[in-house]
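# Structural characterization, general
Letter by letter, the chains look like this.
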Amino acid sequence: MATSSTTVRFEHSGAVGLILIDSPPVNAINQDMRVGLADALAQAMAAPDIRAVLILSAGGTFMAGVDISEFDGAPGGPPLQQVQAAIEQAAKPVVVAMQGMALGGGLELAMACHYRLALDSAKLGLPEITLGIIPGAGGTQRLPRLIGARAALDMILSGAPITAQEGKAHGLIDEVVQGDLRAAGLAFCQNLIDSGAGPRPTREMQANADGFDAAGIADVMRTHSRALRGRTTQTLAIEAISAAMQSFDEGIAIEARLAAQSLTSRESQALRHMFFAERQAGKVKGEAKATAPAPIRDAAVIGAGTMGSGIAQAFADAGVTVTLIDSTEAGLAHGQDIVRSNYAASVKRGRISPAAAEERIQSVTGSLRLEDAATADVVVEAVFEDLELKQDVLSRLDAILPPDRLIASNTSTLSVTGLGRATAHPGRIAGLHFFSPAHIMKLVEVVRGGETSPDMLAKALQVAKILKKIAVVAGDGFGFIGNRMMLDGYFREAEQLLLEGASPSQVDGALERFGFAMGPQRVSDLGGTDVGTKARIQLYRRETRPDPYFVIADRLTALGRLGQKSGSGFYRYEPGGRDALPDPEVTAVIEALAAERGIKRRDIGEDEIIERCILSLINVGAMVLDEAVAARAADIDVVWTSGYGFPRHLGGPMFHTDTLGLAHVAERIRYYSEKLGSPYWRPSALIERLAADRSNFDQWDRERS
């Protein structure tokens, strides 16, 4: 039966009224759906032969929440809360049957129904915390009434979905269904009719406050402390759930106020910026439409080191058969051991079954022959970061692979254009800069060389999609987006502060309190000081950098202080331990390097450490943008939040710049330029232009979208 909506229809099935939702791809709740739900429910209530109502949705997802594009405007039609109230007040029992994902507003709608069914494969969650907001359609009021306040707090702060079986155990779900969900829903409704069961409004239930005291709340907060470090939304969630102990009307009013407060917070704006930025990343404006890429079933990875084995595992996780190739038996055996060890760890943590782990291990075949890459649909070169070595490998691959196959280099700093020119088909060479560990880290920079063809760029983006990576397209400049900003800005300035008098623990501590998971010196020790030194050796063959430029790290490398793997770097490490311990020998090295350069050391405060490191990062980011190495400021934010640990709740370095204000940022960069007299503090021309125009990076992106 027709409704006033294009996404909702109403049908009769005996004494049951069916409300069918069909708004592909994920049934996101929008104005049209709300109008249709209200209309269909009214028809069901008005029909004398209808004695129960069943809400179903089409597709593999029940509802993926509210359409996020409505967040910043005044949504038209009846608000979701009004639709929920009509359901809850209905004189006939309303049943909802869920499949796939029931998230956010979708689950909140379900909680307003009188009875809830879910397929055994369904997942139920309230992920609003990931967007810096709290559930605003009764989630903080109905969930505590169904599963208890403490469990509700845990679920809301987690943001992660639970299974249908977990939902039933908690009391969120009445029945878990296998097989035909529609048939099960109709049978459930008929049982309600036969037994004379009536409506069961959630709002009339009492919230269970057991364990929702100061100690219990603190315990839940500790569970999520790492994910919520530096965040504020959790305090609003606690306040809203506490309001569920009052009457429903009082609680829902408090929730509405707090939800509106969370929606306008800078934290929410930053997190929603990241949500959209990640979905826009990888889209190339103005690119000629490439041929639809052929399927990828087989891959080859050249180089069985830590990075190569991680890339091979990423392919195996995606169901792609992969050949892992190395030049030595010892290297290949080590790479295969890494893959087995990683899967064993995943099994131990319960992330994968032993059978699935073994199947994936078997999908990675080892080889010592480069020729075994000849039949692969895509090849990723992951040998050491050495120009001649990579050129040699790419040239040999080019000779044995059909010209229509992508050959991607996992270089982190080298010119993809230069690598491609070592081959007869430079158009098929692209960069795929993975981040370590490659099977876990979500980011990959897809680097377009000067001769990379549109078809091969599309193929590289296809690889990233298959591997479930967040892809950002980067132009071909030293370090691309992320490493250029790190090496010429953030990490370089951190070293400069050490020369001027700060200690490694001071710098790391300040930046960790700012929001980074690890400070720059701890990161350097984790990856190995020699890794950066080798990259700079390659850099100096094509470009120069004014002194001082990583003189401390390079001296530590020369002294054999390579970081955790050697037991000493910027810090010292006890055998078998990972605690970064201050080392007087490092202090002596730094003092000597400063004296050689006539640098007078002094006490440096935390505010200066943070400001100089972040402004350096921002300034180089603006240069990367102005040079078209990055297409969008938002792309830079994705790179730095996904690959380098910049706090996501601040929205990435360029969004953070807009928060600070371009005029303020430009003034502070000029201040340090005059104070320090360093060539590295030359203000970016783009920052100066935007500040003069009273514009910002968001506006810059919008003008070019």
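Now for a description of the structure that goes with this document. This is a predicted model, so every value here is computed, not measured.

Ile302, Leu397, Ile481, Ile552, Trp640, Ile687 and Phe697 are the most contacted members of the largest nonpolar core, which totals 95 residues. Tallying contributions element by element places helix 24 (residues 606-626) first for this core, with 11 residues. Beyond its immediate stretch of four places on either side in the chain, Ile552 contacts Glu495, Leu498, Leu499, Phe570, Ile590 and Leu593. In terms of nonpolar packing, the next biggest core, distinct from the first, is built from 63 residues, Ile50, Met155, Ile156 and Ile238 among them.

Under the definition given, this model contains 14 aromatic pairs. Considering the side-chain rings of Phe516 and Phe646, the 5.6 Å spacing of their centres and the 85 degrees angle between planes classify their relative orientation as edge-to-face. Of this pair, Phe516 sits in the loop between helix 19 (504-514) and helix 20 (520-527) while Phe646 sits in the loop between helix 25 (633-643) and helix 26 (653-660); the two residues are 130 residues apart in sequence, bridging distant segments of the chain. Here Phe646 falls in the buried class, since its relative accessible area comes to 1%. Where Tyr672 meets Trp681, the ring centres are 5.2 Å apart and the plane angle is 40 degrees; that geometry is what we call tilted. The lysine or arginine in question, Arg668, covers the ring of Tyr671, its NZ or CZ lying 4.4 Å from the ring centre.

What follows concerns the sheet that holds strand 10 (residues 298-302). Spatially, the 8 strands line up as an open sheet ordered 12-11-10-13-14-15-16-17, and their pairing is mixed. Two strands lie at the open edges of the sheet, namely strand 12 (364-367) and strand 17 (470-474), each paired on one side alone. Pairs of neighbouring strands in the sheet enclose a mean axial angle of 25 degrees, with direction left out of account.

Take the sheet that holds strand 3 (residues 52-57) next. Taken together, the 6 strands give an open sheet; going across it, the order is 1-2-3-4-6-9, and neighbouring strands pair in mixed fashion. Each edge of the open sheet carries a strand with a single partner, namely strand 1 (8-13) and strand 9 (175-177). Pairs of neighbouring strands in the sheet enclose a mean axial angle of 25 degrees, with direction left out of account. Sheet analysis places strand 4 (residues 94-98) next to strand 6 (residues 115-119), joined by 4 bridges and oriented parallel. Among the inter-strand pairings, Ala97 is bridged to a residue of strand 6, identified as Leu117. In the packing of helix 7 (residues 181-195) onto the sheet, the strands contacted are strand 1, strand 2 (16-21), strand 3, strand 4, strand 6 and strand 9, and the crossing angle to strand 3 comes to about 165 degrees.

If charged atoms from side chains of opposite charge come close, those side chains can pair. Scanning all chains against the criterion turns up 48 salt bridges. Among the salt bridges present, the one from Glu493 reaches Arg492, with a minimum N-O distance of 2.7 Å. For the pair Glu493 and Arg492, a shared accessibility class is recorded, and that class is buried. Sharing partners across several salt bridges, the network here consists of Arg484, Asp488, Arg542, Glu543, Arg545 and Glu627.

For the rest of this paragraph, the subject is unusual backbone geometry. Here the residue pair Pro24 and Pro25 is connected by a cis peptide bond, since its omega of 5 degrees sits within 30 degrees of zero. With respect to the helices, strands and loops of the structure, Pro25 is situated in the loop between strand 2 and helix 1 (31-46). The step from Asp547 to Pro548 runs through a cis peptide bond, and the omega angle for that step is 0 degrees. As for its position among the elements, Pro548 is in the loop between helix 21 (529-539) and helix 22 (551-558). Unusually for a residue other than glycine, Phe480 sits at a positive phi of about 55 degrees. In this structure, Phe480 sits in the loop between strand 17 and helix 18 (482-500).

Along the polypeptide, Gln462 turns up in helix 17 (residues 454-466). Within polar-contact distance, the side chain of Gln462 engages the backbone oxygen of Ala294 at 3.0 Å. Ignoring anything within four residues of it in the chain, the contact list for Gln462 reads Pro293, Ala294, Pro295 and Ile296.

On to the packing of helix 21 against helix 22. The axes of two packed helices give the description: the angle between them and the distance between them. Two numbers describe how helix 21 lies on helix 22: the axes approach to 9 Å, and their chain directions differ by 110 degrees. Put simply, helix 21 runs roughly perpendicular to helix 22. For the pair helix 21 and helix 22, the crossing hand works out as left-handed. Here Thr529, Asp530, Thr533 and Arg536 of helix 21 come into contact with helix 22, specifically with Ala553, Asp554 and Thr557. Of the residues that constitute the contact of helix 21 with helix 22, the class distribution is 1 nonpolar, 3 polar and 3 charged.

This paragraph deals with the packing of helix 11 (residues 266-280) against helix 25. Their axes nearest at 9 Å, the elements helix 11 and helix 25 cross at an angle of 105 degrees. Comparing their axes, helix 25 and helix 11 come out roughly perpendicular. Facing helix 11, whose interface residues are His273, Met274, Ala277 and Glu278, helix 25 presents Ala634, Asp637, Val638, Thr641 and Ser642. Partitioned by chemical class, the residues of the contact of helix 11 with helix 25 number 4 nonpolar, 3 polar and 2 charged.

A few words on empty space enclosed by the protein. In this structure the tally under the stated criterion is 2 cavities of 30 Å³ or more. In this structure, the largest cavity occupies an estimated 40 Å³ of space. Residue lining of the largest cavity: Val416, Thr417, Gly420, Arg421, Pro426, Ile429, Gly449, Gly450, Glu451 and Thr452, and that is the complete set. When residues in the lining of the largest cavity are grouped by element, the largest group, 3 residues, is from helix 16 (residues 416-420). The residue inventory of the lining of the largest cavity, partitioned by class, reads 3 nonpolar, 5 polar and 2 charged. Approximately 30 Å³ is the volume attributed to the second largest cavity. If one sorts the elements of the lining of the second largest cavity by residue count, helix 18 sits on top with 4 residues.

Examined against the element boundaries, Leu186 turns out to sit in helix 7. Sequence separation between Leu186 and Gly282 is 96 residues; the distance between their C-alpha atoms is 44 Å.

Attention shifts here to the pairing of strand 2. If a strand is regular, its side chains alternate between the two faces of the sheet. Within strand 2, 6 of the 6 residues are buried, which leaves the element mostly enclosed by the surrounding structure. Burial along strand 2 is two-sided: the residues Val16, Leu18 and Leu20 and Gly17, Ile19 and Ile21 are all buried. The hairpin turn running from strand 1 into strand 2, its antiparallel successor, is 2 residues long, and Gly14 in that turn takes a positive phi close to 65 degrees. Bridge count between strand 2 and strand 3: 6 bridges; the pairing is parallel. In the strand pairing of strand 3, Val16 is matched with Ala52. Where the polypeptide runs from strand 2 across helix 1 and back to strand 3, its parallel neighbour, the crossover connection is right-handed.

Calculation rules
Residues numbered from 1 in each chain as written. Predicted model: local features only at pLDDT ≥ 70, side-chain atom pairs only at ≥ 80, totals over all residues. Heavy atoms only, no water. Core = buried A, V, L, I, M, F, W, Y, C linked by side-chain atoms within 4.5 Å. Buried < 20%, exposed > 50% of the residue type's maximum accessible area, 1.4 Å probe, protein only. Helix = DSSP H or I, 4+ residues; strand = E, 2+ residues; numbered from the N terminus. Contact = heavy atoms within 4.5 Å. Phe/Tyr/Trp six-rings, centres within 6.5 Å; stacked < 30°, edge-to-face > 60°. Lys NZ or Arg CZ within 6 Å of the ring centre and 35° of its normal. Pairing = 2+ DSSP bridges. Axes fitted to C-alpha atoms, helices over the stretch in contact; angles between N-to-C directions. Salt bridge = Lys/Arg side-chain N within 4 Å of Asp/Glu carboxyl O. Polar contact = N/O pair within 3.5 Å; in protein donor to acceptor, adjacent residues only side chain to side chain. Parallel < 35°, antiparallel > 145°, perpendicular 65-115°, else oblique. Left-handed = near helix turned anticlockwise from the far one by under 90°. Nonpolar A, V, L, I, M, F, W, Y, C, P; charged D, E, K, R; others polar. 1 Å grid on protein atoms, 1.4 Å probe; cavity = no way out; pocket = protein on both sides within 12 Å on 5 of 7 lines; lining within 4 Å. Points joined across faces, edges and corners; volume = space filled by probe spheres on them. Right-handed = clockwise from strand over helix to strand, strands pointing away.

Geometric descriptors of this kind do not, in isolation, establish any biological role.
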